[in-house]
Amino acid sequence: MKNSDSSNTLANIKSFNLPFWIIGLFFAAITLVFFWEIISGNSFFWEDFVEHVYPTQSFAAKADELPFWNPFAFGGMPFLADIQVGFFYPLNRIFSIFVGADNLVPISVMQNVNILHFFIALCSMYALMRAFKVSQIGSIISAVSYAFSFNLVLHIIHPMVLAHLSWFPLVVMLLYRGITEASLRYGIIGGLIFGMSILSGHPQILLYEGLFLFVFAIWHIIVKIKSSEKQNIVKVLLPTILVFVIAIGIFQIQYMHTMELTENTLRSEMTYEQASEGSLEIKQLFTALVPKMFGYEKGDRNSKLSFQMPTTDASEKAIRAPYYYYWETSFYFGLVAIMLGLYAFIAMPKKNPHKLFFLTIAIFGFLFALGKNGFLLPIFHNLPLFSNFRFPSRMTFFVTFAFTAMAGFGFDRLSEASTEKNSKEMTKLIATIATVLLGVIIVLSGAFAPTNVVGDASLISEFATTALILTLIIAALMLLQHKKKMTNITGTILIIIAFIDLYIAGGDFNLASENPAEKYKINQEQLALFTPKYPNNLFRVSMRHKDYGIIAMQRNIGLVNGIMLVEGYNPLVMKRYELPFKTREERNKLWNTKYEITVDKQRQQVYYRDRELENDFLPRAWFAHEIKTIDSNNIENYMMNNDIDFKKTVILEDQVNYNMPTDCDTNAQVVFTEYKNNELKLKTKSNTPVMLVLSEIYYPAWRAKINGQEAKIHRANYNFRAIYVPAGENNIEMKYYSEAFATGKTITIITLICSVLGLIATFLKKDKITKKTEE
């Protein structure tokens, strides 16, 4: 009788088979509930979304041509080559459709497109679990636990991370079906989706995903080959190869261009100490049970218990971790997923390939995330690529993925346990419950409570008590499910608890009160003053005074309002951005800075100084009549320690044989006839040869022509451009042209064409086989 009850329960769960449109509506509904405050316009995203994402995506959206160059931050720098812009990620291009009459993208559009990725994550994880033949209820538990885990929710302020992780389960599913079914079609589609997703632009997550997929593919290829002696190895390998080759091919339109930029940036060089920043502390393992036990952060930085994780700096000195470590080192995915996943690891057969793979991935992910507190990062830091990134704690997404996937298996395992082994299964279930309860009780005891708490310390106990109550409720439901007293009702309740738990834990993280668009508004009088008058009244604005800690405007306000700033905000900074001068006044002179934020100590006022009125201002383009050649290794020291009249002298780093006359034409003229982001045009007139110097950032992708003939652009005055101009009237054109981008674009186009043709061929082949079968 018991065997009959067990089989009936299992059949009941497996027969719970709703059409996907109902599942999809449910996923849409819980996404709306989770982010309702933002969708309704009552709250807004914050942090890097405000500082970096909103201005860069606004600039990209309103561009009427490919935005290769950004002249509005850091005096000018490559834009399209910046991988984190994610210009070619299809969902980012939705923003271009909604640019309004004010030349801005409504903040609601930008936020809602990012929220859409949670719906994508839900559907992706659900599809993967169904491919693993997990029940619908188990699949929904996995999907909810993954999509609203901290690895996604706390990184909505970094949409490029969110985009990667939301599509990733779908890529895994297509790779899995490609291998298990020896299907080229799934390999092609998997490659297309993987390639599309990585265009969103987060190289660190891409590296981790690539590692995951490589191990996953090798693992399941071996399993597939072992399962059948007659298995054609080539047919099994081809779908895997297609996933990687197609994704790599699609990515080239961004990758090759980005590599060109990386060679000229500071972040291409990173020491072990820098790479280990953001290492997970071992005691943070308990945050998988009580996520806010060390405090938390949220929009407006007004949490009642600030995040306070004790850690060490590069010199091993004890410090309090920066506030942003909260979202970089948190990996909560809910108590339902923890308990069901742990049960699956304990109860499933030892040789189950899914169990072994996800257990390996989870252990590896945690050990790597420990960074300097573990042993894996020192090993991997010596490997290519792994030394380029901070925050090894981001590898916790392996742990999240493994446990949320195993949670679905765990739910089904509760129903699949046979009555003959019921006592053993009960022992495993009790062991699972006891392990989680012990962890929660340890937190509740205050064993790891932070000292010198900033905020309400009693909240730690409150958080742990809530976790204890939830653990007991989940334990009771698991016991009921194991005893077969409840079936689909138990699963439904677990889904609801999983969602509520994750909503309580992370639902308030993204709720900031101030609309990001409001932070970029500027009064019309000041805007008129700071906006350059094209093409000839060009200048920059310096709105930061480091000596006094003054940042007078949003750091990337230039991208939104068209103000050419000396400063900006970007994770990537050009190697030679900081000019080697002793004073900011000297630096701003070469920067073509007209308005400079200044402090009047006597009047105790902060104001913008007009350098042009004080005759302390160099134009955007001028002529130098003397060339000084200084070796690249010595130029910083030379400029720092010598008085140089840059109106007359230009400093070059390469040897030239230009004959500059001693009686140069001091009345020579230069005017801009056109100034665009990607292209400059000038006219010059002089009686003698001259060196045209521009306060424009030197970058290898800029090309020049004089009267239609190629001309060399020299790196001048440490970080600017200069061109030798012959006597007479000349038309000069400078244009951004990257051979790396052109090559990458060609590879991507060829990859897409071949993929589409291959996909069509697989469908035609299937139709042909179907017709033969019918005949």
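Reference entry: report on the structure contained in this document.

Counting secondary structure elements, the protein chain contains 27 helices and 20 strands. The contacts in the protein chain between residues at least 6 apart in sequence include a share of 77% that link residues at least 24 apart. A total of about 32800 Å² of accessible surface is found on the protein chain, and carbon and sulfur atoms cover 58% of it. Averaging the locations of the 71 positively and 64 negatively charged side chains of the protein chain gives two centres separated by 9 Å.

The subject of this paragraph is the packing of aromatic side chains. Enumeration according to the criterion identifies 75 aromatic pairs in this entry. Aromatic pair F34 and Y503: ring centres 5.4 Å apart, planes at 85 degrees, arrangement edge-to-face. One end of the pair, F34, is in helix α2 (residues 20-34); the other, Y503, is in helix α21 (residues 488-506), and 469 residues separate them in sequence. On the basis of an interplanar angle of 45 degrees and a centroid distance of 6.2 Å, the ring pair of W69 and Y736 is categorised as tilted. Linking W69 in strand β1 (residues 69-70) with Y736 in strand β20 (residues 728-736), this pair joins segments that are 667 residues apart in sequence.

Spatially, the three strands line up as an open sheet ordered β5-β8-β9, and their pairing is mixed. With one partner strand each, in any of the chains shown, β5 (540-542) and β9 (605-610) form the two edges of the open sheet. Taking the axes of each pair of neighbouring strands and ignoring which way they run, one obtains an average angle of 20 degrees across the sheet.

Here the focus is the side chain of E281. Considering the arrangement of structural elements, one finds E281 in the loop between α13 (272-275) and β3 (310-312). There is no salt bridge for the buried E281, and the closest opposite charge comes from K283, which lies 5.6 Å off by N-O distance. E281 has contacts with M309, P310, T311, L370 and N373, leaving out every residue within four places of it along the chain.

This part covers helix α10 (residues 184-198). If you check α10, its first and last C-alpha atoms are 21 Å apart, about what 15 residues at 1.5 Å a residue would give, namely 21 Å. A large share of α10 lies buried, amounting to twelve of its 15 residues. Those residues of α10 lying buried are R185, Y186, G187, I188, G190, G191, I193, F194, G195, M196, S197 and I198.

Most often, soluble globular proteins keep nonpolar side chains buried together rather than apart. In terms of nonpolar packing, the biggest core is built from 259 residues, with F148, F212, F358 and F401 touching the most fellow members. For F358, the contacting residues outside a window of four places in its chain are F132, F212, F345, F401, A402, A405 and M406.

What follows deals with the pattern of salt bridges. Summed over the entire model, instances satisfying the criterion amount to 23 salt bridges. In this structure, the salt-bridge partner of E596 is R611, at a minimum N-O distance of 3.0 Å. Placement of E596 in strand β8 (residues 593-600) and of R611 in the loop between β9 and β10 (621-624) is noted, with a sequence separation of 15 residues between them. Each member of the pair, E596 as well as R611, carries the same accessibility label: buried. The salt bridge partner of R611 is D616, with a shortest N-O separation of 3.4 Å. Under the relative-accessibility criterion, D616 is labelled buried at 19%. A cluster of three or more residues bridged by salt bridges with shared partners is formed by R584, E596, R609, R611 and D616.

Here we come to the sheet that holds strand β17 (residues 709-711). Spatial ordering of the open sheet is given by β13-β14-β20-β16-β17, a layout of five strands whose pairing is antiparallel. Where the open sheet ends on each side, the last strands, each with one partner, are β13 (669-675) and β17. This sheet shows a mean twist of 25 degrees between the axes of neighbouring strands, independent of strand direction. In this sheet, strand β14 (residues 679-686) lies alongside β13 in antiparallel orientation, the contact comprising six bridges. By the bridge assignment for β14, Y675 is matched with L680.

Moving on: the pairing of strand β19 (residues 720-725). Counting buried positions over the six residues of β19 gives five, a clear majority of the element. With six bridges connecting them, strand β15 (residues 690-697) and β19 associate as antiparallel partners. Across the sheet, the residue bridging to V693 is A722, located in β19. Pairing between strand β18 (residues 714-716) and β19: three bridges, direction antiparallel. Within the sheet, the bridge partner assigned to H714 lies in β19 and is A722. Between the end of β18 and the start of β19, which pair antiparallel, lie three residues, with N717 showing a positive phi angle near 50 degrees.

This part covers a negative patch on the surface. On the surface, D547, E585, E586 and D643 cluster together into a negatively charged patch. Mapped onto the secondary structure, E585 falls in helix α25 (residues 584-590). Here E585 falls in the partly exposed class, since its relative accessible area comes to 31%.

Between helix α15 (residues 335-347) and helix α16 (residues 353-369), the least distance of the axes is 10 Å, while the angle of their chain directions is 120 degrees. Our classification of the angle between α15 and α16 gives oblique. Here the hand of the crossing between α15 and α16 comes out left-handed. Taken together, the residues of α16 that come into contact with α15 (itself represented by A344, F345 and I346) are K355, F358 and L359. Looking at the contact of α15 with α16 residue by residue, the class counts come to five nonpolar, no polar and one charged.

Relative orientation of the contacting elements helix α19 (residues 422-444) and helix α20 (residues 458-483) amounts to 175 degrees, with a least axis distance of 9 Å. It follows that α19 is roughly antiparallel to α20 by the angle criterion. Within the contact between the two elements, α19 uses N422, E425, M426, L429, I430, I433, V436, L437, V440, V443 and L444 and α20 uses S461, A464, T465, A467, L468, T471, L472, A475, M478, L479, H482 and K483. For the contact of α19 with α20, a count of residues per class yields 16 nonpolar, five polar and two charged.

About the thresholds
- Residues numbered from 1 in each chain as written.
- Predicted model: local features only at pLDDT ≥ 70, side-chain atom pairs only at ≥ 80, totals over all residues.
- Heavy atoms only, no water.
- Helix = DSSP H or I, 4+ residues; strand = E, 2+ residues; numbered from the N terminus.
- Contact = heavy atoms within 4.5 Å.
- Areas by Shrake-Rupley, 256 points an atom, 1.4 Å probe, with all protein chains shown as cover.
- Lys, Arg positive; Asp, Glu negative; His and termini not counted.
- Charge placed at Lys NZ, Arg CZ, Asp CG, Glu CD.
- Phe/Tyr/Trp six-rings, centres within 6.5 Å; stacked < 30°, edge-to-face > 60°.
- Pairing = 2+ DSSP bridges.
- Axes fitted to C-alpha atoms, helices over the stretch in contact; angles between N-to-C directions.
- Buried < 20%, exposed > 50% of the residue type's maximum accessible area, 1.4 Å probe, protein only.
- Salt bridge = Lys/Arg side-chain N within 4 Å of Asp/Glu carboxyl O.
- Expected span 1.5 Å × (residues − 1).
- Core = buried A, V, L, I, M, F, W, Y, C linked by side-chain atoms within 4.5 Å.
- Patch = residues over 30% accessible without salt bridge, like charges linked within 9 Å, V, L, I, M, F, W, Y side chains within 5 Å.
- Parallel < 35°, antiparallel > 145°, perpendicular 65-115°, else oblique.
- Left-handed = near helix turned anticlockwise from the far one by under 90°.
- Nonpolar A, V, L, I, M, F, W, Y, C, P; charged D, E, K, R; others polar.

Everything listed here is a matter of coordinates, which is why it stays silent on function.
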